[in-house]
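Here's the letter readout for the chains.
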Amino acid sequence: ENVGNVKRQLAKLFEVSLRATVPTETDIVPLVDACIVKSGVRFGDYQCNNAMGIWSKIRGEQTEFRGPAAVGQAIMQNLPPSDMLESCSVAGPGFVNVVLSRNWIAESLQKMLIDGIDTWAPRLPIKRAVVDFSSPNIAKEMHVGHLRSTIIGDTFARMLEFSHVEVLRRNHVGDWGTQFGMLIEFLFEKFPNPEDVNEAAIGDLQTFYKASKVRFDSDPEFKQRAQQAVVRLQGGEDKYHKAWKQICEISRTEFHRVYERLDIQLEEKGESFYNPYIPGVLEELNKKGMIEDNQGARVIFAQGVKVPLIVVKSDGGYNYASTDLAALWYRLNEEKAEWIIYLTDVGQQQHFDMLFKAAKRAGWLPADDDSYPKATHVGFGLVLGEDGKRFRTRSSEVVRLVDLLDEAKSRSKTALLERDTAKEWPEEEVEKTSQAVGYGAVKYADLKNNKLTNYTFNFDQMLNDKGNTAVYLLYAHARICSIIRKSGKDIEEVKRITKIALDHEDERALGLHLVQFSEVVEEACINLLPNVLCEYLYNLSEIFTKKFYSNCQVVGSAEESSRLLLCEATASVMRKCFHLLGIVPVYKI
Ligand code: ARG
């Protein structure tokens, strides 16, 4: 049970009250879940909205109630006593508004400060999940499109891990397929002696890919050899397998450079891994009568989708879809994952739609989307350039991820060195901070958008130190840390001896927002919406700066100790948000 989740705690109280208000024994209405929504500040902090629904069900029956407002009154009166509540009231057609007790908020904060913020972690009804993310293709450059998958996927993995779910972070690398015939033949041509093959000699793999493609398209004899190479590779011939491994290894080194910089943990299980499982899986589906012939290919039709999912090509080969079927089977049956989350651009939505429909038909997944095991595709929009078109460099090449990160870092370094304070910093400190700020800015700019929409990549915007950016947030955090430092007090000591008080309106507003952390993470996690967490973090920073810190003097005031604890609680929550978003906090500016 998660003690940090205010909404759930309140729901429990309301459940008791609803049971008393409309006893299930009477069979008049099914038991209704307490539905708690955050309400506007005017009426209260939370609201229970069950009265209208209950009224609409019982109005035809014999009932002592005269209308929804009366039902709301009864719900309020039947609430068990709780130290969470300061006051309740009923508004309009039975909305029960709740004002949380200041004391209770203060005590929750104090407990969190002492026991650690992990006590506020959500509890999910699953033990293990697969997050399939990043997943670039071998021999093709990891570009800014893969950036979104990598960043968003890492955040989901972090949120799930925080919620006590074991996460298998899977890199479903495109390391199998017909392009390898061409690459291998080209490799043989360029390096007759396999000993000569290494990253330096091959150089940029993307260029290598392009050159081999030119060769493939222009020379029929080469093309034929390349096609045979695929067959020989898939037949397991040693020489071909070795060449394939060499090519994969070079790509892997390149990918790793990006992951290392962004501090992304991933375990590669590429397409090739699932290859041996394909025949068995297709056989199972065939026995279930799901696979049919279609223009020489073997396909699965999904309900409501016109084009079929091709699982065996007309040349007898397997493809992306057959691999994904085998991977899904493996994740459910071998890895026992209860939630499998895929991150790709929206362009692949139909592929996953058909895949999941097939899995449901096969009985691998339950028919409804609310129960586990569950498979979810998260499709995200394109990354656009200033011109509103797909993000490219001036020479219309794909933008390389490493260059982008370099630039983000160097720009934030320039900005940092313009500040007087940072001028005397040791070089190492400058490096560390500009990296945290630069990479953080790139990640945050991506995460704060609704994941489905396209987003325009703009360095000036994401590195602005005002507005909803990582720069602003990181500096806000650093400023809070410096308030605490400058007080000269030992905060661990203060935690133990001072009780938090929330007497000022703005102290209370800050406290309330802080205790809502847990429910926000849970919502962001369950609905896979990192932007919800970003919004919470930004609002936290605004409430701290514009309300609390503007109106409540901290250092030198009578309430200094309690207010320092509010600073500390804010900093802790901010740091946990940064952590979940994959951003490294800074402590000094
Ligand atoms: N390699 C694919 C691409 O770059 C993404 C793979 C996503 N994962 C999956 N299981 N299909 O488009």
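Residues numbered from 1 in each chain as written. Predicted model: local features only at pLDDT ≥ 70, side-chain atom pairs only at ≥ 80, totals over all residues. Heavy atoms only, no water.

Some words on the packing of helix α20 (residues 505–515) against helix α22 (residues 530–551)
In step 1: With their axes 9 Å apart at the nearest point, α20 and α22 run at an angle of 160 degrees to one another. Relative to α22, the element α20 lies roughly antiparallel. Taken as a pair, α20 and α22 cross one another with a handedness that is left-handed. On the side of α20, the interface is formed by D506, E507, A509, L510, H513 and L514, while α22 contributes Y536, N539, L540, I543, F544, K547, F548 and N551. (Axes fitted to C-alpha atoms, helices over the stretch in contact; angles between N-to-C directions. Helix = DSSP H or I, 4+ residues; strand = E, 2+ residues; numbered from the N terminus. Parallel < 35°, antiparallel > 145°, perpendicular 65-115°, else oblique. Left-handed = near helix turned anticlockwise from the far one by under 90°. Contact = heavy atoms within 4.5 Å.)

What about the side chain of S134?
In step 1: Structurally, S134 can be placed in the loop between β5 (128–132) and α5 (144–162).
In step 2: Polar contacts involving the side chain of S134 include one to the side chain of T150, which spans 2.9 Å.
In step 3: At 2.7 Å, the side chain of S134 forms a polar contact with the side chain of Y259.
In step 4: S134 has contacts with M142, H146, S149, T150, N171, Y259 and L266, leaving out every residue within four places of it along the chain. (Polar contact = N/O pair within 3.5 Å; in protein donor to acceptor, adjacent residues only side chain to side chain.)

Concerning unusual backbone geometry
In step 1: Y372 connects to P373 through a cis peptide bond whose omega is 0 degrees.
In step 2: Topologically, P373 is positioned in the loop between α14 (349–361) and β12 (374–380).
In step 3: A positive phi angle, close to 60 degrees, is found at D263, a residue other than glycine.
In step 4: In this structure, D263 sits in the loop between α10 (238–262) and β7 (267–268).
In step 5: A positive phi angle is found at L528, which is not glycine, with a value near 55 degrees.
In step 6: Following the sequence through the fold, L528 ends up in the loop between α21 (517–526) and α22.
In step 7: With relative accessibility at 5%, the residue L528 sits in the buried group. (Buried < 20%, exposed > 50% of the residue type's maximum accessible area, 1.4 Å probe, protein only.)

Notes on the domain arrangement of the protein
In step 1: What the domain assignment lists for the protein is domain 1 (6–100), domain 2 (128–172 + 274–383), domain 3 (179–268) and domain 4 (404–580).
In step 2: For domain 2 and domain 4, the distance between their C-alpha centroids amounts to 37 Å.
In step 3: At the interface, 23 residues of domain 2 touch 25 residues of domain 4.
In step 4: Of the roughly 2,000 Å² buried where domain 2 meets domain 4, counting both sides, 72% is carbon and sulfur surface.
In step 5: Linking domain 2 with domain 4 are one salt bridge, by the criterion used here. (Domains from an automatic or database assignment. Buried area = accessible area lost by both parts, 1.4 Å probe. Salt bridge = Lys/Arg side-chain N within 4 Å of Asp/Glu carboxyl O.)

Quick notes on the pattern of salt bridges
In step 1: Applying the stated criterion across every chain, the model contains 44 salt bridges.
In step 2: Its salt-bridge partner being R8, residue E522 comes within 2.3 Å of it at the nearest N-O pair. With E522 in helix α21 and R8 in helix α1 (residues 6–21), the pair connects residues that are 514 residues apart, well separated along the chain.
In step 3: By relative accessible area, E522 is classed as buried at 5%.
In step 4: Here K213 ties to D217 by a salt bridge, and the two come within 3.1 Å at their closest N and O atoms. Pair noted here: K213 and D217 are both in helix α8 (residues 205–218), with a separation of four residues, about one helical turn.
In step 5: A network of salt bridges, in which partner residues are shared, links E185, E189, R215, D219, E221 and R225.

Some details on the packing of aromatic side chains
In step 1: Tallying each qualifying case throughout the model produces 22 aromatic pairs.
In step 2: Each ring, one from Y274 and one from Y330, has its centre 5.8 Å from the other, and the planes form 75 degrees; the classification is edge-to-face. One end of the pair, Y274, is in helix α11 (residues 271–274); the other, Y330, is in helix α13 (residues 320–333), with 56 residues separating them in the sequence. One exposure class covers both Y274 and Y330, and it is buried.
In step 3: Relative to W329, the ring of Y277 lies with its centre 6.2 Å away and its plane at 35 degrees, an arrangement referred to as tilted. Taken together, the positions of Y277 in the loop between α11 and α12 (278–287) and W329 in helix α13 put the pair 52 residues apart, joining distant regions of the chain.
In step 4: Its end group placed over the ring of F188, K239 keeps NZ or CZ at 4.3 Å from the ring centre.
In step 5: The ring centre of W339 lies 4.8 Å from the NZ or CZ of K374, which sits over that ring. (Phe/Tyr/Trp six-rings, centres within 6.5 Å; stacked < 30°, edge-to-face > 60°. Lys NZ or Arg CZ within 6 Å of the ring centre and 35° of its normal.)

Overview of the sheet that holds strand β3 (residues 85–91)
In step 1: In spatial order, the strands read β1-β2-β4-β3; together these four strands make up an open sheet with antiparallel pairing. Looking along the sheet, the strands with just one partner apiece sit at the ends: β1 (36–38) and β3. Recorded for the sheet is a direction-independent mean angle of 30 degrees between the axes of neighbouring strands.
In step 2: Strand direction decides the pairing type here: β3 and strand β4 (residues 95–100), joined by six bridges, are antiparallel. Paired with C88 across the bridge in β4 is V98.
In step 3: Contacting β1, β2 (46–48), β3 and β4, α1 runs over the sheet at an angle of about 125 degrees to β4. (Pairing = 2+ DSSP bridges.)

Some points on the pairing of strand β9 (residues 297–300)
In step 1: Pairing analysis gives three bridges linking strand β8 (residues 292–294) to β9, with the strands arranged antiparallel. Among the inter-strand pairings, D293 is bridged to a residue of β9, identified as R298.
In step 2: As consecutive antiparallel partners, β8 and β9 are separated by two residues, and within that stretch Q295 has a phi angle of approximately 45 degrees, a positive value.
In step 3: Across three bridges, the pairing between β9 and strand β10 (residues 309–312) is antiparallel. The partner of R298 across the bridge, within β10, is V312.

Notes on the site of the ligand
In step 1: Neighbouring the ligand are D132, S135, N137, H146, H172, Y320, D324, Y342, T344, Q348 and F352.
In step 2: The separation between a nitrogen atom of the ligand and a polar side-chain atom of N137 is 2.8 Å.
In step 3: Note that an oxygen atom of the ligand is positioned 2.9 Å from one of the side-chain N or O atoms of Q348.
In step 4: Against a free-state accessible area of 350 Å², the protein chains account for coverage of 89% of the ligand.
In step 5: Of all the elements in the fold, those that place two or more residues in the shell around the ligand are α13 and β11 (339–345).
In step 6: Residues that form the shell around the ligand fall into these classes: three nonpolar, six polar and two charged. (Near = heavy atom within 4 Å. Areas by Shrake-Rupley, 256 points an atom, 1.4 Å probe, with all protein chains shown as cover. Nonpolar A, V, L, I, M, F, W, Y, C, P; charged D, E, K, R; others polar.)

Some details on the sheet that holds β7
Pairing between the strands of a sheet comes from backbone hydrogen bonds, and it takes one of two forms, parallel or antiparallel.
In step 1: An order of β7-β6-β5-β11-β12 is seen for the five strands of this open sheet, with the pairing classed as parallel. Across the chains shown, the open sheet's two edge strands, defined by having one partner strand only, are β7 and β12.
In step 2: The pairing of β11 with β12 spans seven bridges and is classified as parallel. Counterpart to L343 in the pairing with β12 is V378.

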